[in-house]
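Architecture at a glance
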Amino acid sequence: MSEEFRVLYLTSDPTPEPELPDGPGSGLAVETVGTVDELDRRLAADGADCVVVCEDRDAGDDGLAEVHDTHAETVPFVHVTTDPTLDADAVVGDGVLHTLSDDQPVPFRELAAYVSTSVEFTDAANRFAVFAHHAQDGVVTTDADGRVTETNPAVADIFGFEDGELVGEHLSRLLPEDGGDRTLLPPFADDDTAIQWQPVRFTAADADGDEVPVLVTFGRFETASGTHYTGVVRDVSQRERLETELESHLERVTDAFFALDTDFRFRYVNGRAAELIDVDPDAVVGDLVWDRFPAAVGSRFQEQYEHAMETQESVSFEEYFPPLSTWFSVRAYPSETGLSVYFRDVTERKAREQALERQRDELEGLAQLNRVLQHVNETLVTAANRTVVERTVSEQLVESSLFAAAWLGRVDSRRDAVELATSAGHSEFEPEPTVAVTEAVTHPAGRAVASQSVELVDDLAALDGGDPWVEAAREQGFSSVAAVPVSYKGSQYGVVTVFATKPGAFSEGVVEALSQLQSVVGLAINATERRAALIADGTIQVELTLRDASNPLFRAVAEHDLVVELDGATAVDDHTFVEYFTVTGEPEQAFFDTVRSFDRVEGLTVLNQGAEETLVTLTVVDPPISTLLAEHGGTVREIVVEDGSAELVAELPKSGSVRSLVDSLEGMFETVDLRAKRERKRPERRVSEFRSTLEEQLTARQREALEAALRDGYFEWPRESDAEEIAATLDISSPTFHEHLRAAQQKLFTDLFDVSPTGPERDVPAGERS
C-alpha cells in the first residue's frame, strides 16, 4: 500500500469538486469514477483504500450491489447521503452509511480517518499515520525514556511549535512537572497497565511557555525497537472557558440548578440550589443524590428523574419534599451524559393556591348550603305539620356536601332536655335520644338551646372520649359538629344538629348561613301550628307586571342585560329581611355596586358566581312590595325583574281586595298591569283545632272578658248589658274591659281570616271594589 490513502469516488457528476489534499505527501488522494463498470475495473486493477458512493446512486443501480459483494472484503464502501432515514443494509449490504446536511461537501479527510481507524488493515502503521495526520488533537509518541519520537501537525497548530521541533525533546517540554499529577500518565507511571488510555486533566506549556489546559490520554505499545507511548493531547481551553461561562451563567440564573451524571451523582450545584437543598456545592460533587437525600428514594422525584433518563425526554412536575418542608417546581432535561435539573421553591405559591382552593371549596359548599336553605324555605312554606318541617330540614341539610348527618330535636321544657325527633344522613349513626339543656354539657345541642346561639365542636378528636355521643360520632368518621337553636318570637321549639367529616368544617360563612335556620325553622313550625288550628279559606293568586323607568333596580338590570329572580326571603326581624336572588347573565362589579347604593339595601353578598347564574343575598330594610302585600294580608310567591320591568306573582286571602292591592302598587310604580287572577282552595279545618289555637293565643283575662260579653248579652241587639255592667261583674274598669275584649276579637279574627291587622280600611267606591 502506498503512503497515500486512496479513495475512489463514484458519482454521476463528471466534474465533482471533492475536498482534495493540499500538496503532495498529504496522505490522501481522491479519484472520481463515473460508472459502476469503471469502478469495478479500477478496483480489480489497482485496488483502493476506500470507495465513497454519491447519494444519487441507488443500491441496485448498474450492478453496484454486485461490485460491492465482489470487493467488500478488501475495500470498505461508504455511502454518502442527506437522507437520515436510510439504513446501511438498505444501501449496499453491510456497507457504512454517512449522513450529510444538504449543503455540506463530502468530507473525504474525515471519512479517510474514520475508515482507517475502524477497518482492519494489514498495514497498521500506515493506518495510524493517516489518522494521526488528519486528527485535530495533538498526537505525540515517545520512547521508554520519554523522548518525543514523532508528532502530528496538530501539535504545531495547537502549541505553536515548528513542525518536528519537539522530536528528540523530552516530553516535559510539553507536559511540565508542575502541570499536574504525571504519575497518572503511562509514560511516567511505575505501573502503567491499569491506567492506559485514562484521560487526565493537565496544564501543558506552549512554545512561548504559556499555560494551555489539556486533556491527556496515553497508551503503551511494543515495537521492534522497544517500548513506545502514544498520547492524544486535546486542547480544552475553549471548553473550560465555556464551562466557566456556563457556571457563571448558572450562578446568575434565578432558578436553582444541579447536574447529575448517568449514575445520578452530583456533577455541579449552583449557589441557589445549594441554598434551597442545604448542601455544600463543592463537597456534594460526586455524591449519589439518593444517598444525600434518602427521603427521595421511592418518591416522585426518583420516579421522574429515572423516567427522564430512560426515555431521554424532559419532565416537569411539582412535588412536596417533607424533610425540607418545601414545595418544588422541577424541570429536568436528560442527555447521554446525565440530567440537568432546574427547580424553584414554590411553597408560598402552593400555600396561596391551597388557601384559594379551600376558599373555593368553602364558597362552593356555602353556595350549595344556601341553595339547600332556599329549598328548605320553599318546602317549609307548604309543610303540613311540624313533623314534616322537622323531617324536611334534616333531609335537606344532608343534601349539602358539607354535612354527612343531621338530626332535629324538640325541647321538653318540663325536663330541660332535647328529645330526638328525626334524623337523616348516615344510616348507621344513632344520635343521642335525649340531651340535657345546659351550657355545661359537651354536646353542642344542649348548649345551643341553653345559650340560644350556634354552638360548635371544631374537632371531635380533641374531646374527651368518655361521652357516648362523642365515641359514636367518631366511629362514623365525623370530625366536627354544629348545633343551631330553633325558636320564634321567644318560643323555643328545638335544635338542628349537623355533623361533618372534616375538622373545622364550620367556617364563619357556614355558621352565618346555618344561623338562619333558627328563625326560619322556628317560623315554619309556628306557622304549621297556627295553620293546624285554623279553618282555611281559599286564596287568590294574582300575576302582575310592574313598570317604572325611574326605578334604580329595574334600570340596573336592563342596562346590564340581566335577569334577576327572587328565590326566597328570610325575616331577620320585623323590618329587616335577607332575600335570595338568582342573577342570570354575566353581572359585572358595576351592577353590584349600583345595587349596594340603593337606600333600602344594607348589604349584598355574592354567594356563588357561575358562568350563567349568580346567587346573591340582599339584606334589605322593609322591602316595599313585601310590606305592601303583608298589609293586604298577602305574600310574595315570585318576582322576576327583566328588561326594565318586574313580573310579580302574589297570594292574597280570598277575602282580600285585588283592586285595593293594584291601587296601592300604582302609588309605587308608573304602570301596574293585572295579567291573571285565579282562586286556590285550601282544606277546611276542624272546630276543635280552631278552639285549641284560641286557647293558646288568648290570655286568661281576654278569654274571661270575651266569655262574659257573650254570656251577658253584650253582642245582642239591643244589648242586654253594657260595658260598665259587665266590667263591674269582673271587678275591672270599663276601659280595661274594652281593651281585653278588643284584643281577644283581634286575635280571633286574625287567625280566622289569616290576615294581619292593618288599621282603618279606606272606603273604596263600589265601582272600584273587586
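Our structure's up above, just so we're on the same page.
Residues numbered from 1 in each chain as written. Predicted model: local features only at pLDDT ≥ 70, side-chain atom pairs only at ≥ 80, totals over all residues. Heavy atoms only, no water.

1. Notes on unusual backbone geometry
Positive phi, close to 55°, is recorded for Gln312, a residue that is not glycine. With respect to the helices, strands and loops of the structure, Gln312 is situated in the loop between helix 10 (300–311) and strand 13 (315–321). For Gln312, a relative accessible area of 37% puts it in the partly exposed group. (Helix = DSSP H or I, 4+ residues; strand = E, 2+ residues; numbered from the N terminus. Buried < 20%, exposed > 50% of the residue type's maximum accessible area, 1.4 Å probe, protein only.)

2. Quick notes on the environment of Gly509
Residue placement: Gly509 occurs in helix 15 (residues 508–533). For the pair Gly509 and Leu366, spaced 143 residues apart in sequence, the C-alpha separation works out to 7.0 Å. When neighbours within four sequence positions are excluded, Gly509 is seen to be in contact with Glu362 and Leu366. (Contact = heavy atoms within 4.5 Å.)

3. Observations regarding the sheet that holds strand 1 (residues 5–10)
With parallel pairing, the five strands of this open sheet are ordered in space as 2-1-3-4-5. In the strand order of this sheet, the two ends are held by strand 2 (28–33) and strand 5 (96–99), each with one partner. Taken over all neighbouring pairs, the strand axes of this sheet differ in orientation by 25° on average, direction set aside. In this sheet, strand 5 lies alongside strand 4 (residues 77–81) in parallel orientation, the contact comprising four bridges. The residue bridging His79 from the neighbouring strand is Leu97, located in strand 5. (Pairing = 2+ DSSP bridges. Axes fitted to C-alpha atoms, helices over the stretch in contact; angles between N-to-C directions.)

4. Points about the packing of aromatic side chains
One pass over the full model with this rule turns up 20 aromatic pairs. Measuring from ring centre to ring centre gives 6.1 Å for Phe257 and Tyr268, while their planes differ by 45°; the resulting arrangement is tilted. A residue pair is termed long-range when its members are at least 10 positions apart, and Phe257 in strand 11 (residues 256–261) and Tyr268 in strand 12 (residues 266–269) qualify at 11 residues. For the residue pair Phe257 and Tyr268, the accessibility class agrees, reading buried in each case. For the pair Phe403 and Phe506, a centre-to-centre distance of 5.8 Å together with 15° between the ring planes defines the contact as stacked. On the criterion of sequence distance, the pair formed by Phe403 in the loop between helix 12 (386–397) and strand 16 (405–412) and Phe506 in the loop between strand 21 (491–500) and helix 15 is long-range, its members being 103 residues apart. Assigned by exposure class, Phe403 and Phe506 land together as buried. Aromatic rings pair up to connect Phe258, Phe264, Phe266, Trp290, Phe293, Phe301, Tyr305, Phe317, Phe321, Phe328 and Phe343 into one cluster. The positively charged end of Arg182 is found above the aromatic ring belonging to Phe188, 4.1 Å away from the centroid. (Phe/Tyr/Trp six-rings, centres within 6.5 Å; stacked < 30°, edge-to-face > 60°. Lys NZ or Arg CZ within 6 Å of the ring centre and 35° of its normal.)

5. Section: the sheet that holds strand 7 (residues 148–151)
Read from one edge to the other, the open sheet built from five strands follows the order 7-6-10-9-8, with strand pairing classed as antiparallel. Edge positions in the sheet fall to strand 7 and strand 8 (200–205), since each has one partner strand and no second. Taking each pair of neighbouring strands and ignoring which way they run, the sheet shows an average axis angle of 35°. Sheet topology note: the strand 9 (residues 211–223)/strand 10 (residues 226–235) ladder contains 10 bridges and is antiparallel. Each residue of the ladder has a partner; that of Gly219, found in strand 10, is Thr230.

6. Concerning the pairing of strand 9
Sheet topology note: the strand 8/strand 9 ladder contains six bridges and is antiparallel. For Thr203, the partnering residue across the bridge sits in strand 9 and is Pro213. Hairpin remark: strand 8 followed by strand 9, antiparallel, with five residues in the connecting loop; positive phi at Gly209, about 85°.

7. Quick notes on a negative patch on the surface
Residues Glu565, Glu586, Glu588, Glu612, Glu613 and Glu638 make up a contiguous surface patch of negative charge. Positionally, Glu565 belongs in strand 23 (residues 563–571). By relative accessible area, Glu565 is classed as partly exposed at 33%. (Patch = residues over 30% accessible without salt bridge, like charges linked within 9 Å, V, L, I, M, F, W, Y side chains within 5 Å. Areas by Shrake-Rupley, 256 points an atom, 1.4 Å probe, with all protein chains shown as cover. Salt bridge = Lys/Arg side-chain N within 4 Å of Asp/Glu carboxyl O. Lys, Arg positive; Asp, Glu negative; His and termini not counted. Charge placed at Lys NZ, Arg CZ, Asp CG, Glu CD.)

8. Quick look at the side chain of Glu390
Examined against the element boundaries, Glu390 turns out to sit in helix 12. Look at Glu390 and you get buried, because its relative accessible area is 2%. When sequence neighbours within four positions are dropped, the list of residues in contact with Glu390 reads Leu408, Arg410, Ala421 and Thr422.

9. Considerations on the pairing of strand 1
Most of strand 1 is tucked away: six of the six residues are buried. The alternating pattern of strand 1 places Phe5, Val7 and Tyr9 and Arg6, Leu8 and Leu10 on opposite faces, both of which are buried. Pairing geometry for strand 1 and strand 3 (residues 50–53), over four bridges, is parallel. Looking across to strand 3, one finds that Leu8 is bridged to Val51.

10. Regarding the packing of helix 1 (residues 36–45) against helix 2 (residues 64–71)
Direction vectors running N to C along helix 1 and helix 2 enclose 10°, while the axes themselves pass 10 Å from each other. Put simply, helix 1 runs roughly parallel to helix 2. In this structure, helix 1 contributes Val36, Leu39, Asp40, Leu43 and Ala44 to the contact, and helix 2 contributes Leu64, Val67 and His71. Of the residues in the contact of helix 1 with helix 2, the class split is six nonpolar, one polar and one charged. (Parallel < 35°, antiparallel > 145°, perpendicular 65-115°, else oblique. Nonpolar A, V, L, I, M, F, W, Y, C, P; charged D, E, K, R; others polar.)

11. Some details on the pattern of salt bridges
Where charged atoms from two side chains of opposite charge approach closely, those side chains can pair. One pass over the structure, following the stated rule, counts 24 salt bridges. Salt-bridge contacts for Arg182 lead to Glu177; the nearest nitrogen and oxygen are separated by 3.5 Å. Salt bridges sharing partners connect three or more residues here, namely Arg6, Glu31, Glu38, Arg42 and Asp46.

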